[in-house]
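Per-entry structural report
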Amino acid sequence: MDYLAYLLPLFQPQVLWAIALGTLGGIVIGALPGLTATMGVALLIPLTFGMPPVMGINMLIGIYIGGIYGGCISAILLRTPGTPASAATVLDGYPMARNGEAGKALGMATIASACGMLFASIVLATLAPQLAGVALKFGAPEYFALALFGLTIIASLSGDILKGAISGCLGVLISCVGADPISGVLRYTFGVSGFASGFSFTPALIGLFALSEVFTQLERLGRTEETPAKVSGRWPSYQDMRESANALVRGSLIGTIIGVIPGTGSGTASWISYNEARRTSKTPERFGTGYAPGIAATESANSAVCAGALIPLLALGIPGDVVTAVLMGGLMIQGLAPGPMLFETRPDIIVGIFGGTFLATIFMFVFGMMLIPIASKILLVPRRILTMSIVVFCFIGSFAINLNPVDLYTMVGFGILGWGMQKYGFSQAALCIALILGPLAEANLRRGLLQTGDDLVAFVSGPITLLFLGLTVISLALPYLQARRAKRAAA
Amino acid sequence: MQRIGSDVAVGCGLLAFSAFAAWRSLGIRGQSAGTIAGPSFLPWLMIGAIIILSLMLVLRARRAAAAASAEAGSRPAPVDHGGGMKRRDLLRIALFAAMLVAYSAAFMPLGYLPATLIVFIAGMLLMGERSPLKFFVLPVLITGAVWFGFTRFLQVWLP
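Residues numbered from 1 in each chain as written. Chains lettered and ligands numbered in written order. Predicted model: local features only at pLDDT ≥ 70, side-chain atom pairs only at ≥ 80, totals over all residues.

**Things to note about the overall build of chain A**
We apply this condition: A run of H or I in DSSP counts as a helix once it spans at least four residues, and a run of E counts as a strand once it spans at least two, with each numbered from the N terminus. Comment: burial labels come from other C-beta atoms within 10 Å of the residue's own C-beta, placed from the backbone, where a count of 20 or more is buried, 12 or fewer is exposed, and between is partly exposed. Once C-beta atoms have been placed from the backbone, residue pairs whose C-beta atoms lie within 7 Å are recorded as contacts.
From N to C terminus, chain A includes 20 helices and two strands. Along the three orthogonal principal directions, the C-alpha set of chain A runs to about 70 × 60 × 50 Å. For chain A, buried positions account for 63% of its 491 residues. Here the contacts in chain A between residues at least 6 apart in sequence split such that 78% fall between residues at least 24 apart.

Below, the structure is given as structure tokens:
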């Protein structure tokens, strides 16, 4: 009965408006190449500062869901994925658009995204409370092992493990700026009082993911832009739907599972789902030629990741992917610390998030289908105006949280750092997640050492600690083993 | 090959940064309250890790460069420290970054409207926009609309 009462605030007009607006904004942001869902969430976190928690968080979730879906629009019409999550959608989406079936391709992508999200939302509402129940029994050593696992898996999954690890270590070191969490001793503040509580998290996120994109856009200025394909039609045929059913179910399942694993993300899920759909298809040769099941496989998987990635964030306080890491910033500025305790102390927020995920999915489907006829117009926004507007939003957003001008320098500094990292192949995601998990790892490591009298054995005993440490070793060793196997196969 | 050259430069930059961080870590004072893990424990651990990983990055890049030049005969590998970027693009980005630092400094004393307007117009010109409608009229409208939206609807105070 309580749960129904917790859902009621979602149906207040201003909350529905916020979710609808967030989802629509997310679709537009995701559709524009170069603007990602991560950037959209980071940029709009400050807007939610003054909102009630359920309204603010669900608006951000709307941007996330809309942003991941929106990536398919430019993937299909321009052959340029709006977000990395939609890279695999290009394979069948663009050939369909070239064959005059752009509307049908967008329709299939919208239906598949909505199915993937709905499936993953049900899993989220079912699994997250169970996982949180287990996590409530964690002590300092377990939390340290969990944070260590989160850090290493993100480093190991960021393409180049060495650069991922450097990015992670750099993030932990940067997170040490300010007062130390146990004794309050100031570290690396250079006498600036504004740094006493460390770098403000949201301006750092805005810099890392939004301002860095501005620099990237500056580099791309001279490039000629493709003209989007013309759109006609909207709904896939019955035969398309029948052929795509298996890919859709499998994609939703793959996306949800991958979303739960910290550090993987939508891009990985859509590629795995695409390969699986082709491998198990009776007509694998049709994939890549403009075949609807190819779109169903990728879009159902990348959208399912959105809700899947919320599971470790809400239940363990560990972000499932980089967007949820940014989303964590949105929860934190509302004064909420994601993790098992949130299920005990604020069940209204948790149930509100579950309900909001469903609502954002419905809005995504409605807006997605409605926007299909004008989808190509979205892609014609003038680039220079857009770039400068993002700069203005970055500044206002960073300033509005604490009304502190030091945050502006923080944002610009992290923007330059993020652009440099992106340019030289380092992982912004690993740095961002290390900024979050660094303090968690340090506080629990040092608290654990204090409690046990520097007994390091406590950190390698107990089934949960051993499980996470084992997973840490596997996540570090796996890329090396895979590289060795690939080298041996090539030889 | 460009990535190999830049990896050596980035690795060396990280080593220099680690030396700086180590110097600053020497100044961290505080009681470790009977435990091995005081306030400087994690910073030292991370500095050590960054040094080791940076050395690995430099060595990996050198080894890859040697392998690549051996493959291409005895021709030495070209080294590019700019990640393949044109000088003009680099200059534009440097100017843009300097403009953003100046914007941060001017945001409070000048106020949102004049500071943003100047930066918006300067940014549009820097990006090569020459149509007065786009580099002047639109920035005035957007800056004003954003100010109105944030201060009136979202109740955000702007200087």
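**Considerations on the overall build of chain B**
Looking only at helices and strands, one finds five helices and zero strands in chain B. Each helix and strand of chain B, placed in order from N terminus to C terminus, yields the pattern α-α-α-α-α. The buried share of chain B, taken over its 159 residues, is 25%.

**A few points about the interface of chain A and chain B**
As a reminder of what qualifies: In this classification, the charged set is Asp, Glu, Lys and Arg, the nonpolar set is Ala, Val, Leu, Ile, Met, Phe, Trp, Tyr, Cys and Pro, and all remaining amino acids, among them Gly, are polar.
The partner chain B presents 57 residues to the 46 residues of chain A that form the contact. For the side of chain A that touches chain B, the secondary-structure elements that each account for two or more residues are α8 (161–175), α9 (201–219), α17 (383–402), α18 (406–423) and α19 (428–452) of chain A. A total of 11 residues in the side of chain A that touches chain B trace back to one element, the largest contributor, which is α17(A). Across the side of chain A that touches chain B, the residue classes tally to 33 nonpolar, five polar and eight charged.

**Observations regarding the domain arrangement of chain B**
Quick reminder of the rule: As annotated, the domain borders come from an automatic or database domain assignment.
What the domain assignment lists for chain B is domain 1 (2–71) and domain 2 (87–153). Between domain 1 of chain B and domain 2 of chain B, the C-alpha centre-to-centre distance is 37 Å.

**Some words on helix α5 (residues 90–98) of chain A**
All names here are of chain A. Burial within α5 is extensive, with seven of its nine residues counted as buried. Where α5 is concerned, the buried positions are V90, L91, D92, G93, Y94, M96 and A97. Just past α5, the residue G100 takes up positive phi, approximately 80°.

**Structural notes on the environment of A:P338**
Residue and element names in this part refer to chain A. Here P338 is to be found in the loop between α13 (322–333) and α14 (340–345). In this structure the C-alpha to C-alpha distance between P338 and G420, which are 82 residues apart in sequence, comes to 30 Å. Residues in contact with P338, not counting those within four places in the same chain, are L313, L314, G317, M328 and L331.

**Here we look at the UniProt feature "transmembrane region" (unreviewed entry) in chain B**
Residue and element names in this part refer to chain B. The condition is simple: UniProt positions are given in the numbering used here, feature names are shortened, and annotations may be inferred rather than shown by experiment.
With numbering matched to this structure, UniProt assigns "transmembrane region" (unreviewed entry) to residues 37–59, 90–106 and 135–158. The distance separating the terminal C-alpha atoms of residues 37–59 is 32 Å; by composition the span is 83% helix and 0% strand. End C-alpha to end C-alpha, residues 90–106 measures 24 Å, and it is 100% helix and 0% strand.

**A word on the packing of α13(A) against α19(A)**
Residue and element names in this part refer to chain A. Condition: Convention adopted: a line fitted to C-alpha atoms gives each axis, helices being fitted over their contacting stretch, and angles between N-to-C directions are expressed from 0 to 180 degrees. Helix crossings fall into two classes, left-handed where the near helix is turned counterclockwise from the far one by less than a right angle and right-handed where it is turned clockwise.
The contact between α13 and α19 brings their axes to 10 Å, and the two run at 35°. Judged by the sense of rotation from one axis to the other, the crossing of α13 with α19 is left-handed. Residues V322, A325 and M328 of α13 form the contact with α19, whose own contacting residues are A429, C432, I433 and I436.

**Considerations on the confidence of the model for chain B**
Low pLDDT means the predicted atomic positions in that stretch should not be read closely. Here is the rule we go by: A residue's pLDDT is the confidence the predictor assigns to it, expressed on a 0 to 100 scale.
When pLDDT is averaged across chain B, the result is 84; 86% of the residues are at 70 or more. The element-level mean pLDDT for chain B is lowest in helix α5 (residues 132–153) of chain B, coming to 86, with helix α4 (residues 112–126) of chain B highest at 92.

**Side note on unusual backbone geometry**
Residues and elements named next belong to chain A. Backbone geometry at F190 places phi at a positive 55°, although glycine is not the residue there. Within the secondary structure, F190 is located in the loop between β2 (186–187) and α9. Owing to 8 C-beta atoms within 10 Å, F190 belongs among the exposed residues under this scheme.

**Digging into the nonpolar core**
One broad rule of soluble globular proteins: the nonpolar side chains tend to lie buried together. Our working definition: Each nonpolar core consists of buried Ala, Val, Leu, Ile, Met, Phe, Trp, Tyr and Cys residues. Their C-beta atoms, within 7 Å, join them into a set.
Counting residues in hydrophobic clusters, the biggest one holds 202 residues, and the most contacted among them are A:V41, A:A42, A:L60, A:Y64, A:I76, A:L173 and A:V326. At 17 residues, helix α4 (residues 53–78) of chain A tops the list of elements feeding residues into this core. Taken domain by domain, the makeup of this core includes at least three residues from each of domain 1 (2–71) and domain 2 (87–153) of chain B. Leave out the neighbours within four places in its chain, and A:L60 touches A:G22, A:V41, A:L44, A:I45, A:T48, A:L327 and A:G330.

**A look at the confidence of the model for chain A**
Per-residue confidence for chain A gives a mean pLDDT of 84, with 96% of residues at or over 70. Taking the mean pLDDT of every element in chain A, the minimum, 74, falls on helix α16 (residues 375–378) of chain A and the maximum, 92, on α18(A).

**Topic: the packing of helix α10 (residues 238–260) of chain A against helix α12 (residues 292–316) of chain A**
All names here are of chain A. Spelled out, the test is: Working rule for angles: under 35 degrees goes down as roughly parallel, over 145 as roughly antiparallel, 65 to 115 as roughly perpendicular, anything else as oblique.
At a minimum axis separation of 6 Å, α10 and α12 run at an interaxial angle of 25°. As judged from the angle between their axes, α10 and α12 are roughly parallel. With respect to the hand of their crossing, α10 and α12 are arranged in right-handed fashion. Among the residues forming the contact of α10 with α12, the class breakdown is 16 nonpolar, 10 polar and three charged.

**Observations regarding helix α20 (residues 463–490) of chain A**
Residues and elements named next belong to chain A. The test is simple: Here the expected length of a helix is defined as 1.5 Å per residue gap, with one fewer gap than residues. Two axes define the bend at a residue: one fitted to the seven residues ending there, one fitted to the seven starting there, and the bend is the angle between them.
Relative to the 40 Å expected for 28 residues at 1.5 Å per residue, α20 spans 39 Å between its end C-alpha atoms, a close match to the ideal helical length. Maximum bend of α20: about 30°, positioned at A477, with proline P479 one to four residues after it. Looking only at α20, the buried set comprises T465, F468, L469 and S475.

**Some remarks on the environment of A:P439**
Residue and element names in this part refer to chain A. The topology assignment puts P439 in helix α19. Along the primary structure P439 and D180 are separated by 259 residues, whereas in three dimensions their C-alpha atoms are 8.8 Å apart. In contact with P439, other than residues within four places in its own chain, are S175 and P181.

**Points about the environment of A:I174**
All names here are of chain A. Within the secondary structure, I174 is located in helix α8. Taking the C-alpha atoms as reference, I174 lies 12 Å from S197; in sequence the two are 23 residues apart. Other than its neighbours up to four places away in sequence, I174 contacts F199 and L435.

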